[in-house]
Amino acid sequence: MVGLVNAEPPENAGEYKNVLIFLETRQGKLAKPGLEMISVGAAIAHKVNEELIGIVMGNKIEGLVQEAGEYGCDKVIGLKSKDLEDFRTIPYSVNLSELITELKPNILLIPATRNGRDLASRIAVRSKTGVTADCTELDIDPAERILQARRPTYGESTLAEILCKRHRPQMATARPGIFSVPERDPKRKFVSEIRKTTIKKEFLKKEIVSFKPKSTLDLTSAKIIVSGGLGLGKPSGFKLLEELAGEIGASVGASRPTVDMGWIERDHQVGQTGQSVRPDIYIACGISGKAQHIMGMRLSKNIVSINTDASAELNSISDYIINEDLYKVIPELIDAIKRRKSGEKKPAEAPA
Amino acid sequence: MTLEIVVMIKQVPDSQEVVIDPVTFTLNRSAARNVINPADENAIEAALRIKDKEKDVHITVITMGPPFAETALIDAMARGVDDAILVSDRAFAGADTYPTGLTLAATITRMGKFDIIFAGEESTDSSTGHVGPGVAEFLGIEQASYTSSTWIEDEFVYADRELEDGIETVRMKSPCLITVLTNSNVPRNPTLRMKIDSIKKGIKTWSLADIGLKPEWVGLKGSPTIVKSMRTINEKKREGKKFKAGEMDKFVDELVSKGILKL
Ligand SMILES: Cc1cc2nc3c(=O)[nH]c(=O)nc-3n(C[C@H](O)[C@H](O)[C@H](O)COP(=O)(O)OP(=O)(O)OC[C@H]3O[C@@H](n4cnc5c(N)ncnc54)[C@H](O)[C@@H]3O)c2cc1C
Ligand SMILES: Cc1cc2nc3c(=O)[nH]c(=O)nc-3n(C[C@H](O)[C@H](O)[C@H](O)COP(=O)(O)OP(=O)(O)OC[C@H]3O[C@@H](n4cnc5c(N)ncnc54)[C@H](O)[C@@H]3O)c2cc1C
């Protein structure tokens, strides 16, 4: 507990060095959002001749520490305790903060996942420093060693560059699905260290009484996404989308209200509070293109909008616009794809 | 003993009314009304549900904001919240998440005893999600973030946290802080009768002096981060080529010939 005190810059800010990243684990494995920070973290560290140090916390972490090194951390520190097996805010934040006090990193990056944000918020206060949330671009000013943390704001229309000039470490959380995971190289050289720690009882008051895993759909690595919105009108609309998806090897995405109505599972949701995707082609069916949806898909290489409303917002960022009833045009599209696959010719147009 | 619940709410521009300019791709927020941040409506509802079920519960809503943020507090009281505090002072302007959390934590400390603090998962305007857990750290209490439900059983506070890979149920003793997911419940509507009652009852307004923080600790001065610049994100030029019903073979040909779709 820090008490009610202000954010205070250290006097020796210039002595803080290296980039620390928190490698989140899920069910005993390194989670993708943590690995996504390795390339960008290494690029920042190496630009100023510093090191990228990965932090892994958990119980059985020997293999994970090895893995983090093979992915590209210059150094990996594992904190091992059975009380760190599952993420819990207080034991994790107390331990990470002790490491920060010891290592004095110039920069600390944490993935902007639910547990990552939970942790980052408390670490920032414990360290009396600032944190830029949910960044999609991270760089460093090599002269001053100031982290240039950029985050989309106002419905992704603008990119704000936020700096933390005097306080240390300079913290940022990185939006999942934006930075890519580097190649794993079993021959890579790195330094590693595993420390056993014990956690005080007073920090273990919150108990996890149960965990119900859910199958998760990773839309962030999908090449093709067929996505449905309220324009489907009914839950069974997703059946039609699944049929189309099946023909072209696509995953199915969804707008938030369709998820809220229970038409489809939450792990299909694309957008600000869902997944950020960037497939080669995103086919939006009956999605209006509200800011919070666009946030999660505007980086798609190609966007197709199927919508009865010619003025739907999504159309303004689409490569292809099909201004039709989706129930009319999607079956036609499925037939056209089947014909193309089988090399058949299009049947003669019926006279109107 | 009374169970003291605090709900932290933020007033934001109604995101349903914020529209994207199709040409400049910027957000036009000027036309939007100010409303309670959507997740905070769910946080208020989560608190009211505890009050519905348990005996002797007292709920206070607090907000740090300009004087007109009192409409958000009145709205909350008209849903069944007992008391409201507006923490308002010129000195608070321009706060990043650190001084925002500090100001709210100091307000709660000044209030006296508290058992459960509710916050929204994040705001719709700058959506960092850092304020709730930040307050918990200032107060040195347990927290459960991203929750879909909270209940009390055998003197423990239970909460379901919705994570990317599953649902985690946690239990802890109060005092604790809970952040509530948007749309995790259906918030009740304010009633006109209660609105009139709450306007009569009135809200408390506290300034910087009331919460005992130094002026240089709050607002812009107390913020470790600064917004250096804002730039419009250059949209990839998108052609918006049109295809009609009856032209799906042509459309598929186009996608395949451009290498966009591989069949
Ligand atoms: C804090 C917050 C977070 C949010 N996060 C997300 C998020 O992560 N993801 C998300 O998607 N939303 C999110 N939203 C909700 C968002 O604001 C919009 O409400 C939502 O994206 C709209 O979904 P939609 O396009 O499916 O529905 P609508 O806006 O209702 O659009 C339906 C569209 O279907 C078209 N249509 C109707 N019938 C047909 C037909 N037969 N054929 C073809 N087209 C048809 C209509 O013309 C319309 O354009 C969030 C909101 C808030 C406040
Ligand atoms: C474009 C832009 C980008 C920004 N980026 C950052 C950034 O990266 N880092 C940073 O530190 N600051 C940032 N800020 C500043 C930030 O908006 C303020 O600190 C703000 O006071 C709180 O942040 P939030 O809206 O993200 O709250 P969140 O943490 O998203 O809010 C979560 C919950 O905390 C409670 N809460 C939040 N604010 C209040 C309040 N005033 N009164 C009562 N309860 C409240 C509510 O329950 C709310 O649901 C940014 C501001 C702008 C305009």
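Keep in mind it's a predicted model, so treat the numbers as computed, not measured. Within any chain, residue numbers begin from 1 and follow the written order of that chain's sequence. Chain letters and ligand numbers both follow the written order, the letters beginning at A and the numbers at 1. Given that the model is predicted, a residue must reach a pLDDT of at least 70 before its local features are reported, and side-chain atom pairs must reach 80 or more before they are shown or counted; all residues, however, enter totals for whole chains, interfaces and linings. Hydrogens are left out, water is left out, and the side-chain values use all remaining heavy atoms of the structure.

1. A look at the overall build of chain B
Part 1: Secondary structure follows DSSP: runs of H or I at least 4 residues long count as helices, runs of E at least 2 residues long count as strands, and numbering of each begins at the N terminus. Broken down by element type, chain B carries seven helices and 15 strands.
Part 2: The buried label goes to any residue with under 20% of its type's maximum accessible area, the exposed label to any with over 50%, and the partly exposed label to all in between, with areas taken from a 1.4 Å probe on protein chains only. Residues classed as buried in chain B amount to 55% of the 263 residues present.
Part 3: Counted over contacts in chain B with a minimum sequence separation of 6, partners at least 24 positions apart contribute 71%.
Part 4: Under the convention used here, a 1.4 Å probe and the Shrake-Rupley method define accessible areas, while residue burial counts only the protein chains that appear. Carbon and sulfur atoms make up 53% of the accessible area of chain B, which totals about 11600 Å². In this description, contact between two residues means that some pair of their heavy atoms is separated by no more than 4.5 Å.

2. Re the pattern of salt bridges
Part 1: Just to be clear on terms, a salt bridge is a Lys or Arg side-chain nitrogen sitting within 4 Å of an Asp or Glu carboxyl oxygen. Per the stated rule, a full pass over the model turns up 48 salt bridges over all chains.
Part 2: The salt bridge involving Glu 45 of chain B is made with Arg 49 of chain B; its shortest N-O contact spans 2.9 Å. Residue Glu 45 of chain B and its partner Arg 49 of chain B are located together in helix 1 (residues 38-53), separated by four residues, close to a single helical turn.
Part 3: The salt bridge involving Glu 254 of chain B is made with Lys 241 of chain B; its shortest N-O contact spans 2.8 Å. With a gap of 13 residues between them, Glu 254 of chain B in helix 7 (residues 248-257) and Lys 241 of chain B in strand 15 (residues 241-242) connect regions that are remote in the sequence.
Part 4: Among the residues examined, Glu 254 of chain B registers a relative accessible area of 12% and is labelled buried.
Part 5: Here the salt bridges share partners, and the residues they tie into one network are Glu 137, Arg 150 and Glu 161 of chain A together with Lys 228 and Arg 231 of chain B.

3. Let's talk about the sheet that holds strand 12 (residues 176-180) of chain B
Part 1: At least two bridges found by DSSP between two strands are what make those strands a pair. One open sheet holds the 10 strands; their spatial order is 13(A)-11(B)-10(B)-9(B)-12(B)-8(B)-1(B)-6(B)-7(B)-13(B), and the pairing between them is mixed. Two strands in the sheet have a free side with no partner beyond their single neighbour: strand 13 (207-213) of chain A together with strand 13 (204-206) of chain B. Going across the sheet, the axis of each strand differs from the next one's by a mean of 30°, ignoring polarity.
Part 2: With four bridges joining them, strand 9 (residues 142-153) of chain B and strand 12 of chain B adopt parallel strand pairing. Bridging across to strand 12 of chain B, Glu 142 of chain B finds its partner in Cys 176 of chain B.
Part 3: Throughout, an axis means a line fitted to C-alpha atoms (over the contacting stretch in the case of helices), and angles, computed between N-to-C directions, take values from 0 to 180 degrees. Sheet contacts for helix 2 (residues 70-77) of chain B: strand 6 (57-64) and strand 7 (83-87) of chain B; angle to strand 7 of chain B, the most-contacted strand, approximately 170°.
Part 4: Together, strand 1 (3-8), strand 8 (116-120), strand 9 and strand 12 of chain B form the strand contacts of helix 4 (residues 131-139) of chain B, whose direction differs from that of strand 12 of chain B by roughly 180°.

4. Notes on the side chain of Glu 168 of chain B
Part 1: Secondary-structure assignment places Glu 168 of chain B in strand 11 (residues 166-172).
Part 2: Owing to a relative accessible area of 5%, Glu 168 of chain B belongs among the buried residues under this scheme.
Part 3: Leave out the neighbours within four places in its chain, and Glu 168 of chain B touches Phe 87, Ile 208, Ser 210 and Phe 211 of chain A together with Ala 159, Asp 160, Arg 161 and Leu 163 of chain B.

5. Notes on the site of ligand 2
Part 1: Neighbouring residues are identified by heavy atoms, a residue being near a molecule or strand if any of them is within 4 Å of it. What surrounds ligand 2 is a group of 31 residues, the closest being Met 8, Lys 10, Asp 40, Ser 123 and Ser 126 of chain B.
Part 2: More than a single chain frames ligand 2: its nearby residues are located in chains A and B.
Part 3: Distance and chemistry together define a polar contact, namely a pair of N or O atoms within 3.5 Å, with one atom able to donate a hydrogen and the other to accept it when in protein, and with adjacent residues in sequence counting only for side-chain atoms on both sides. Taking Ile 9 of chain B, its main chain carries an N or O atom lying 3.3 Å from a nitrogen atom of ligand 2.
Part 4: In the model, an oxygen atom of ligand 2 is placed 2.4 Å from a nitrogen or oxygen of the Asp 40 of chain B side chain.
Part 5: Those elements giving two or more residues to the shell around ligand 2 turn out to be strand 7 (131-135) and strand 9 (146-153) of chain A together with strand 6, helix 3 (97-111) and strand 8 of chain B.
Part 6: Amino acids outside the nonpolar list (Ala, Val, Leu, Ile, Met, Phe, Trp, Tyr, Cys, Pro) and the charged list (Asp, Glu, Lys, Arg) are all regarded as polar, and Gly is one of them. Looking at side-chain class alone, the shell around ligand 2 contains 12 nonpolar, 13 polar and six charged residues.

6. Regarding the site of ligand 1
Part 1: Close contacts around ligand 1 come from 27 residues, with Ser 255, Thr 273, Ser 288, Gln 292 and Asn 307 of chain A the closest.
Part 2: Neighbouring residues of ligand 1 are distributed over chains A and B.
Part 3: Between Gly 231 of chain A and ligand 1, the recorded distance is 3.5 Å, taken from a backbone N or O atom to an oxygen atom.
Part 4: For ligand 1, whose unbound accessible area comes to 990 Å², protein coverage reaches 83%.
Part 5: Tallied by class, residues from the shell around ligand 1 come to five nonpolar, 17 polar and five charged.

7. Points about the sheet that holds strand 14 (residues 226-232) of chain B
By way of backbone hydrogen bonds, the strands of a sheet pair with one another, either parallel or antiparallel.
Part 1: On the basis of which strands lie adjacent, the open sheet formed by four strands has the order 8(A)-9(A)-10(A)-14(B) and antiparallel pairing. Each end of this open sheet is capped by a strand with a single partner; those strands are strand 8 (137-141) of chain A together with strand 14 of chain B. Neighbour to neighbour, the strand axes of the sheet diverge by 25° on average, direction disregarded.
Part 2: Two elements, strand 8 of chain A and strand 9 of chain A, share five bridges in a ladder whose sense is antiparallel. In the sheet register, Asp 139 of chain A faces strand 9 of chain A, and the bridge partner there is Gln 148 of chain A.
Part 3: The strands that helix 1 (residues 32-47) of chain A touches are strand 8 and strand 9 of chain A; relative to strand 8 of chain A, the one it contacts most, it runs at about 5°.

8. Describing the domain arrangement of chain A
Residues and elements named next belong to chain A.
Part 1: According to the domain assignment, chain A consists of domain 1 (16-203) and domain 2 (219-342).
Part 2: Start and end positions for the domains come from either an automated domain assignment or a database one. With centres defined by C-alpha atoms, the gap from domain 1 to domain 2 works out at 34 Å.
Part 3: Summed over both partners, buried area is the accessible surface (1.4 Å probe) that two parts give up on being assembled. Roughly 720 Å² is buried in total at the junction of domain 1 and domain 2, and carbon and sulfur atoms are behind 47% of that figure.
Part 4: Remark: the boundary between domain 1 and domain 2 carries zero salt bridges.
Part 5: Counting across the interface, domain 1 meets domain 2 through three residue pairs in polar contact (both at pLDDT 80 or more).

9. Concerning the packing of aromatic side chains
Part 1: Centres within 6.5 Å are what make two rings of Phe, Tyr or Trp a pair, Trp counting through its six-membered ring; a difference in plane orientation under 30 degrees is then read as stacked, over 60 as edge-to-face, and the rest as tilted. A full pass over the atoms with the stated rule returns seven aromatic pairs over all chains.
Part 2: Relative to Phe 251 of chain B, the ring of Tyr 320 of chain A lies with its centre 5.5 Å away and its plane at 70°, an arrangement referred to as edge-to-face. Placement of the pair is Tyr 320 of chain A in strand 18 (residues 320-322) and Phe 251 of chain B in helix 7, with the two residues belonging to separate chains. In this pair, the class of Tyr 320 of chain A matches that of Phe 251 of chain B, namely buried.
Part 3: What links up through ring pairs into an aromatic cluster is the set Phe 22, Phe 87 and Tyr 92 of chain A.
Part 4: Put simply, a charge is over a ring when the Lys NZ or the Arg CZ is close to the ring centre, within 6 Å, and near the line of the ring normal, within 35 degrees. Looking at Lys 234 of chain A, its charged tip hangs above the ring of Tyr 327 of chain A, at a distance of 4.4 Å from the centre.
Part 5: The lysine or arginine in question, Arg 110 of chain B, covers the ring of Trp 206 of chain B, its NZ or CZ lying 4.1 Å from the ring centre.

10. Quick notes on the side chain of Asn 37 of chain B
Residue and element names in this part refer to chain B.
Part 1: Following the sequence through the fold, Asn 37 ends up in the loop between strand 5 (34-36) and helix 1.
Part 2: At 2.9 Å, the side chain of Asn 37 forms a polar contact with the backbone nitrogen of Thr 124.
Part 3: When sequence neighbours within four positions are dropped, the list of residues in contact with Asn 37 reads Lys 10, Val 12, Glu 122, Ser 123 and Thr 124.

11. Comments concerning the environment of Asp 325 of chain A
Residue and element names in this part refer to chain A.
Part 1: Mapped onto the fold, Asp 325 is located in the loop between strand 18 and helix 8 (326-342).
Part 2: On the basis of relative accessible area, Asp 325 is assigned to the partly exposed category, the value being 37%.
Part 3: Remark: the alpha-carbon pair of Asp 325 and Thr 308, spanning 17 residues in sequence, is separated by 5.3 Å.

12. Details of the interface of chain A and chain B
Part 1: At the interface, 97 residues of chain A touch 84 residues of chain B.
Part 2: Where chain A abuts chain B, roughly 8400 Å² becomes buried across the two surfaces, and 55% of that area is made up of carbon and sulfur atoms.
Part 3: For the chain A face of the interface with chain B, the top three residues by lost area are Leu 4, Arg 114 and Tyr 320 of chain A, together amounting to 10%.
Part 4: The interface formed by chain A and chain B includes 12 salt bridges.
Part 5: Between Arg 117 of chain A and Glu 122 of chain B there is a salt bridge, with the nearest N and O atoms lying 2.9 Å from each other.

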